[in-house]
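# Examination of the molecular architecture
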Amino acid sequence: VGVVDSMEVTVYDVSGRQVHEAGVDRPPAIINDGTGPKSAYEYAWDGHIPSGVYFYTVEAKKSGQGSIRKAGKLAVVR
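What this report covers is the structure whose coordinates are included nearby. (Residues numbered from 1 in each chain as written. Predicted model: local features only at pLDDT ≥ 70, side-chain atom pairs only at ≥ 80, totals over all residues. Heavy atoms only, no water.)

### Notes on the pairing of strand β1 (residues 6–13)
Put simply, the rule reads: Pairing between strands requires that DSSP locate at least two bridges from one strand to the other. Numbering of helices and strands starts at the N terminus; helices are DSSP runs of H or I of at least 4 residues and strands are runs of E of at least 2.
Here β1 pairs with strand β5 (residues 52–61) via 8 bridges, running antiparallel. Across the sheet, serine 6 pairs through a bridge with lysine 61, a residue of β5. As judged from the 6 bridges shared by β1 and strand β2 (residues 18–24), these two strands associate in the antiparallel manner. Note on β2: the bridge partner recorded for threonine 10 is glutamate 21. With antiparallel pairing between neighbouring strands as the criterion, β1 and β2 make up a hairpin whose turn holds 4 residues, including glycine 16 at a positive phi of roughly 95°.

Following this line, the structure appears as structure tokens:
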């Protein structure tokens, strides 16, 4: 998405209940894995997170353009 003005991360449990929400307002890190530099936004979900499967959405917003929304799932194993 390039550099955005704001980004929101929302996490849901398997029943669809929202369990976490946060905004990311710092600039992206520059990562180079050998194929050239790329921007990457990083977010650490802190606190006690029970094992399980979670669904997430990430919405990136940039002034003057439509927002971009991506969804996926993740697993936490302890």
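### A word on the pairing of strand β4 (residues 37–40)
The sheet contact formed by strand β3 (residues 29–32) and β4 spans 4 bridges and is antiparallel. Paired with asparagine 32 across the strands is proline 37, a residue of β4.

### Some details on the nonpolar core
Operational definition: Here, the term nonpolar core denotes a set of buried Ala, Val, Leu, Ile, Met, Phe, Trp, Tyr and Cys residues that are joined through side-chain atoms within 4.5 Å. Under the scheme applied here, a residue whose accessible area is under 20% of the maximum for its type counts as buried, over 50% as exposed, and between as partly exposed, the area being computed with a 1.4 Å probe on protein chains only.
Counting residues in each nonpolar core, the largest one holds 9 residues, listed as Val4, Met7, Val9, Val11, Val24, Ile49, Tyr54, Ala60 and Val76. Mapped onto this core, the elements with two or more residues apiece are β1 and β5. Ranked by residues supplied to this core, first place goes to β1 with 3 residues.

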